[in-house]
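Overview (structure and organization)
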Amino acid sequence: MTSKLLLTVSVGLLIAACNQVPAPIPTPTPTPTPTPTPAPIVIHQNTRVISVLDVAIGSDLKSANRVSSESATFTVSGSSVAFDDVPNNRRYLSKNFPVTANQSFNNLTLYAVYRSATNVGGTAMREISDFAGNSISAADKAQAIKPTHLMSSASAINPAGADFVALKPSEATELEGIARTAGLLGATDRVLEYGYVARRPNGTRAFANTNTGSVTIAVKLPRTGATTDVKNFTMSFLLVDEAIPRYTRSAEETGGSGICSRTPSSGTYEVMLFGG
């Protein structure tokens, strides 16, 4: 009797279970495939940041005759050279610095930097004065000083001082990070998008220890003929050695023949076109 009851209950449970609509099996949410993080683009491979230098530019020099780091010495030889483009109300100002290397370099470059504690208007300029000897602190005066190559005239570059080099914004930011890590720049200091590269007398960029050469720092600035025009200033630079040489066509160059004549006939190098 007991076995029949158990059988009946078991059959009833089985029938009830078969009459139920089975619950749908939930579709599992697919696990998203993680997007691979791209490797950082390292622009300045094998770059050495060396030191920060302040260099006086202008007819009246206010600094010592030698600007030195542990790696190189920049000797001031004479006054800055200036000529006026009167029709365009512009002055071109340049200064040549003989360089003596205290170690080997591939491309010894001075990149302009803004040092927030001392420089004016987000520029590399500080200690700015006019022709009357008055100090200038106006940001627009500093920002109007623009980099260029050494100029023979208002429209002709002098290849002997075509040392201006340009950076992309991303390159300047990367170099800035390298300099901060090295303790050479503060949190609010910035690497700007230009600089000047040293050369040997034969035009090559590589320096061996004790080799000599030069670098020409050249700028253009507004000229009105008034005593309030900028006359003297000091520029701040980050001294860097880079692996790959860079050549820049400035805004004054209208074609490619000039920069092509300055690039080497073989080897790896970069060309930048600067329009400012």
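A few points on the structure. Within every chain, residues take consecutive numbers counted from 1 along the sequence as written. Per-residue local features are limited, in this predicted model, to residues with pLDDT of at least 70; the limit for side-chain atom pairs, both in listing and counting, is 80 or more; totals at the level of whole chains, interfaces and linings are taken over all residues. Only hydrogens and water are set aside when side-chain values are computed; all heavy atoms of the structure are taken into account.

Digging into the overall build of the protein
- Helix numbering and strand numbering both begin at the N terminus, where a helix is a DSSP run of H or I of at least 4 residues and a strand a DSSP run of E of at least 2. Of the regular secondary structure elements, the protein holds four helices and 17 strands.
- Classification of residues uses two cut-offs on accessible area relative to the type maximum, computed with a 1.4 Å probe and protein chains only: under 20% is buried, over 50% is exposed, and between them is partly exposed. Per-residue burial over the protein gives 42% buried out of 276 residues.
- Across the protein, the fraction of contacts at a sequence separation of at least 24, relative to all contacts at a separation of at least 6, is 71%.
- Reported accessibility uses the Shrake-Rupley method at a 1.4 Å probe radius. Residues are deemed covered only where the shown protein chains occlude them. With an accessible surface of roughly 14600 Å², the protein has 56% of that area assigned to carbon and sulfur atoms. Any pair of residues with heavy atoms lying within 4.5 Å of one another is described as a contacting pair.

Considerations on the pairing of strand β14 (residues 212–222)
- The element β14 is extensively covered by neighbouring structure, given that nine of its eleven residues are classed as buried.
- Strands qualify as paired when DSSP identifies two bridges or more between them. Bridging between strand β5 (residues 90–101) and β14 involves eleven bridges; their strand directions are antiparallel. Bridge pairing links Arg-91 to Leu-221 in β14.
- Pairing analysis gives three bridges linking strand β9 (residues 146–148) to β14, with the strands arranged antiparallel. Note that in β14 the partner of Pro-147 across the bridge is Val-219.

A short note on unusual backbone geometry
- With phi around 55°, Asn-89 is a residue other than glycine that occupies positive phi space.
- For Asn-89, the location among the structural elements is in the loop between β4 (81–85) and β5.
- Phi angles above zero are rare outside glycine, and Thr-210 is one such case at about 75°.
- The residue Thr-210 is located in the loop between β13 (190–197) and β14 in this model.

Re the side chain of Ser-214
- With respect to the helices and strands, the residue Ser-214 is situated in strand β14.
- Classification of Ser-214 as buried rests on a relative accessible area of 17%.
- If sequence neighbours within four positions are ignored, Ser-214 has contacts with Asn-96, Phe-97, Pro-98, Val-99, Asp-163, Ala-198 and Arg-199.

Notes on the pattern of salt bridges
- When a carboxyl oxygen of Asp or Glu is within 4 Å of a side-chain nitrogen of Lys or Arg, the pair counts as a salt bridge. Within the structure shown, the criterion is met by eight salt bridges.
- A network of salt bridges, in which partner residues are shared, links Asp-54, Arg-115, Arg-126 and Glu-127.

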